[in-house]
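Working through the structure, step by step
Below, each chain spelled out in residue letters.
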Amino acid sequence: MLLVAKNLCKIYRRGGIFARRSSITAIKDISFSLAPGVSLGVVGESGSGKSTLLRTILKLTPYDSGSLIFDGLEVAAIDARAMRNFRQRVQPVFQDPYSTFNPRFSIGSSIGLGLAGDGVLSTHQRRDAVARLLDDVGLDPDLHSALPHELSGGQRQRAAIARALAVKPELLLLDEPTSALDVSVQSQVLNLFKDLQQAYGFSIILVTHDLPVVTFMCENILVMKAGVIVESGKTADVVDRPQTEYARLLVAAVPEPPA
Amino acid sequence: MTDPAVSPNRDAEPLLEVEGLRIELTVRGRGPVPITRDVSLRVYQKEIVGLIGESGSGKSVIAKSLIGMLPRRIRVSAGTSRFQGRDLFALNAHAMRAVRGAEISLIPQDALHALNPVKLVGKQVGEPIEVHTDTPAVEVHKQVVQLLNRVHISDPEARTQDYPHQFSGGMQQRALTAMALSMKPPLILADEPTTALDVTIQGEILKLIRELRSDTGASFLFISHDLGLVSSLCDRIYVMYAGEIVESGTRDEIFSNPRHPYTRGLIGSVPRLRNNAARLLTIPGRIPGPGDEIEGCRFRPRCPMAEGRCIVSPSLEASKGGHAAKCWLF
């Protein structure tokens, strides 16, 4: 298994000196496992804890109890030295990549930054590697010198994917990666994820509120509500035979064109 | 859907009839740029009509033009809009104020930003009544409570004393819907009213719209980019591409028998809950900008079925059932 979570909990505490102490359990008793090359979808509504779960896996937020093992490594125990390696192996792609690109860096240099981790690339080699990545995600290599604001939403999302792939990650964390895109662009990006997964062999955790996107992309699914997993399993089984009231509600709420 | 109490009456005069609408954007040093070209559409009584298109297709600007809320530098340069015996585009600002909110209202997309953060929700919901009538304050308050109750806000009496930030996203959207309903307008324009909401809350808003149609007989022009949503809600649908209507028909015609290659591409590119193919259909290329002049059919450069005659722009030709597609192939 590439990633194994066992009874993962995260509690946000606030208050203290003046305000009354209070705490919010963001995720509770989260357990799942993810094999290499497999896609896992996480669905739930706002406040279900799906974003906290992502942040925990990215080691942006520490967890309070339970364990999270990435390729044999307890994520909480990763120290500053091992962090660089961990950051290369787990890469996020967010809903709005605009805010994660430095507006003054060209697309090419933002993507090339990841490659710098290898340390031995010449300028020329790096340029070639970036051109290959741009080509892989279906972008014109001429966009190398473009600035983020010059790209359309779909192009920017492709650039974000290229940047994530630059370090050859084993796990890609996708947070609503197509929610800001038009449907015809969304389909291009979703197809691209599938193609790239075949070519690169990474695992995917896809967090979204859009159930059909999960059924298209992911073999397995977690349904979250109020911080806990209410249902999990093969995506097709959960969609066809939801066991809990909440999963039934989610499936029924999906508006679908007549077949 | 065949319940006569809720089914639209398409034999009578249309409630709204837009003909040949051209909206232009004035760009300094460049002259007017068309945002919509020759748009014609109808909304009949008790009908929920969908207007679907991707961003930049010109769908929202059509709604704004109907209630005289086009931003500066954007204007209607041709066309008429017949609504209850008048041309909406010929009304002056004063006459339009009497229509807006009273006879045609708008449910906007972003509920939080549409509400005034420093004004009580109850006051805001009652504003159209205060502006359009001389109803005494006590009576306005009573009606506001009824309206909030109508959109299923629990404990409406107390909730009138809340500020917008004390409402959840779904409740804010309901409050705006209540405001749009306050004058019982025959036509309500809904501009992506559920995009920011969770799916289960989205479902409740859709249920509410259906309920309102059958209870009050109101018609809706529902603007959205979400095909699933439009297909589950609307009786009839217009598909927009790059400022033009490229196909129109009943919900079943559009989804079971799409004719225009763009509509087909759009439907095929949406993932389904079940039985997805290994890959989604894609439409190559990008939607042209408003100023981009394309010879012939505007979809031609991206169309998988384009042929020689497409260099001449086809017209929106309707078959006898009313299903129309702006394409030579049909």
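Since we're looking at a predicted model, the values are computed, not measured.

Bringing the overall build of chain A into the picture now. Scanning chain A for helices and strands turns up nine helices and 10 strands. Over its C-alpha atoms chain A spans a radius of gyration of 19 Å, differing by no more than 12% from the 18 Å that the globule rule assigns to 259 residues. Overall size of chain A, expressed as C-alpha extent along the three principal axes, is 55 × 55 × 40 Å. Considering only contacts in chain A between residues 6 or more positions apart, those separated by 24 or more positions represent 66%.

Another aspect to go through is the overall build of chain B. Helix and strand content of chain B: 11 helices and 12 strands. Partitioning the intrachain contacts of chain B with sequence separation of at least 6 by distance along the chain shows that 65% fall at a separation of at least 24.

Moving on to the environment of Gly-233 of chain A. All names here are of chain A. Tracing the backbone shows Gly-233 in strand β10 (residues 228–234). Sequence separation between Gly-233 and Glu-219 is 14 residues; the distance between their C-alpha atoms is 8.6 Å. Leave out the neighbours within four places in its chain, and Gly-233 touches Ile-221 and Val-238.

Here we take up the packing of helix α4 (residues 121–132) of chain B against helix α7 (residues 169–181) of chain B. All names here are of chain B. Contact geometry of α4 with α7 gives a least axis separation of 7 Å together with a crossing angle of 30°. Between α4 and α7, the crossing angle belongs to the class labelled roughly parallel. On α7, the residues that touch Val-121, Gln-124, Val-125 and Pro-128 of α4 are Ala-175, Ala-178 and Met-179. Along the lines of polarity and charge, the residues of the contact of α4 with α7 split into six nonpolar, one polar and no charged.

Residue and element names in this part refer to chain A. For strand β9 (residues 220–225), a buried count of six out of six residues is recorded, marking the element as mostly surrounded by other parts of the structure. Of the pairings in the sheet, the one linking strand β3 (residues 39–43) to β9 comprises four bridges and is parallel in character. By the bridge assignment, Val-43 is partnered in β9 with Val-223. Hairpin connection of β9 to β10: two residues between the antiparallel strands, including Ala-226 at a positive phi of 45°.

What follows concerns the sheet that holds strand β6 (residues 90–93) of chain A. Residues and elements named next belong to chain A. Read from one edge to the other, the open sheet built from six strands follows the order β6-β7-β8-β3-β9-β10, with strand pairing classed as mixed. Edge positions in the sheet fall to β6 and β10, since each of these pairs with one other strand and no more. Each neighbouring strand pair of the sheet contributes to a mean axis angle of 15°, computed without reference to strand direction.

A few words on the nonpolar core. Val-49, Leu-51, Phe-220, Leu-221, Phe-222 and Val-239 of chain B are the most contacted members of the largest nonpolar core, which totals 80 residues. Among the elements that take part in this core, α7 of chain B stands out by supplying seven residues, more than any other. Not counting residues up to four positions away in its chain, the partners in contact with Phe-220 of chain B are Ile-48, Val-49, Ile-188, Ala-190, Ile-209 and Arg-213 of chain B. The next biggest cluster of nonpolar side chains, apart from the first, holds 64 residues, and it includes Leu-34, Ile-57, Tyr-63 and Leu-250 of chain A.

Trans peptide bonds make up most of the peptide bonds, and negative phi angles are found at most residues other than glycine. Here Asp-29 of chain A, not a glycine, exhibits a phi torsion of approximately 50°, which is positive. Tracing the backbone shows Asp-29 of chain A in strand β2 (residues 22–34). On the neighbour-count criterion, Asp-29 of chain A (15 C-beta atoms within 10 Å) is partly exposed. The backbone of Gln-84 of chain B shows a phi angle near 45°, a positive value even though the residue is not glycine.

What follows is about the interface of chain B and chain A. Contact residues are listed per partner, giving 31 residues for chain B and 25 residues for chain A. Taken together, the elements giving at least two residues each to the side of chain B that touches chain A come down to α8 (199–216), α9 (227–233), α10 (251–256) and α11 (261–268) of chain B. Here the residues of the side of chain B that touches chain A are counted per class, giving 12 nonpolar, 12 polar and seven charged.

Moving on to the pairing of strand β8 (residues 203–208) of chain A. Residues and elements named next belong to chain A. With six of its six residues buried, β8 lies for the most part within the structure. Here β8 shows no split at all, with Ser-203, Ile-205 and Val-207 on one side and Ile-204, Leu-206 and Thr-208 on the other all buried. Pairing of β3 with β8 involves five bridges; the strand directions are parallel. Paired with Gly-41 across the two strands is Leu-206, which belongs to β8. Two elements, strand β7 (residues 171–175) and β8, share five bridges in a ladder whose sense is parallel. Residue pairing in the sheet places Leu-172 in a bridge with Ile-204 of β8.

Strands belonging to one sheet form pairs held by backbone hydrogen bonds; the direction of such a pair is parallel or antiparallel. All names here are of chain A. Across the sheet, which stays open at both edges, the four strands sit in the order β2-β1-β4-β5 with antiparallel pairing between neighbours. With one partner strand each, in any of the chains shown, β2 and β5 (73–74) form the two edges of the open sheet. Bridging between strand β1 (residues 3–14) and β2 involves nine bridges; their strand directions are antiparallel. Looking at β2, one finds that Ile-11 is bridged to Thr-25. Across the face of the sheet, helix α1 (residues 50–57) comes into contact with β1, β2 and β4 (65–70) while running at roughly 65° to β2.

Below, the discussion takes up the environment of Arg-42 of chain B. Residue and element names in this part refer to chain B. By the element assignment, Arg-42 lies in strand β2 (residues 31–43). Judged by the 18 C-beta atoms lying within 10 Å of it, Arg-42 is partly exposed. Sequence separation between Arg-42 and Ala-277 is 235 residues, and the spatial gap between their C-alpha atoms is 36 Å. Those residues in contact with Arg-42 that lie beyond four places of it in its chain are Pro-14, Leu-16 and Glu-17.

On to the packing of α4 of chain B against helix α5 (residues 137–150) of chain B. The geometry of a pair of packed helices is captured by two quantities: the angle between their axes and the separation between those axes. Residue and element names in this part refer to chain B. In contact at an axis separation of 9 Å, α4 and α5 are set at 115° when each is read in the N-to-C sense. For the pair α4 and α5, the sense of crossing is right-handed. Residue-level contacts link Gly-122, Val-125, Gly-126, Ile-129 and Glu-130 of α4 to Val-140, His-141, Gln-143, Val-144, Leu-147 and Leu-148 of α5. Partitioning the contact of α4 with α5 into residue classes produces six nonpolar, four polar and one charged.

The predicted structure's coordinates, where accompanied by low pLDDT, should not be read in detail. Residue and element names in this part refer to chain B. Overall, the prediction assigns chain B a mean pLDDT of 91, with 98% of residues at 70 or greater. In the model, residues 1–5 has pLDDT below 50 throughout and makes two contacts with residues more than four positions away in sequence or in other chains. Both confidence scores are given for the complex: pTM 0.88, ipTM 0.83.

Residues and elements named next belong to chain A. Examined against the element boundaries, Phe-202 turns out to sit in the loop between α6 (183–200) and β8. By the C-beta count within 10 Å, which is 23 here, Phe-202 ends up buried. Sequence spacing of Phe-202 and Pro-36 is 166 residues, and the spatial spacing of their C-alpha atoms is 6.6 Å. Filtering out sequence-adjacent residues up to four positions away, Phe-202 remains in contact with Pro-169, Glu-170, Leu-171, Leu-172 and Gln-197.

Definitions and limits used
Residues numbered from 1 in each chain as written. Chains lettered and ligands numbered in written order. Predicted model: local features only at pLDDT ≥ 70, side-chain atom pairs only at ≥ 80, totals over all residues. Helix = DSSP H or I, 4+ residues; strand = E, 2+ residues; numbered from the N terminus. Rg over C-alpha atoms; globule rule 2.2 N^0.38 Å. Contact = placed C-beta atoms within 7 Å. Axes fitted to C-alpha atoms, helices over the stretch in contact; angles between N-to-C directions. Parallel < 35°, antiparallel > 145°, perpendicular 65-115°, else oblique. Nonpolar A, V, L, I, M, F, W, Y, C, P; charged D, E, K, R; others polar. Buried ≥ 20, exposed ≤ 12 C-beta atoms within 10 Å, placed from the backbone. Pairing = 2+ DSSP bridges. Core = buried A, V, L, I, M, F, W, Y, C linked by C-beta atoms within 7 Å. Left-handed = near helix turned anticlockwise from the far one by under 90°. pLDDT = per-residue confidence, 0-100.

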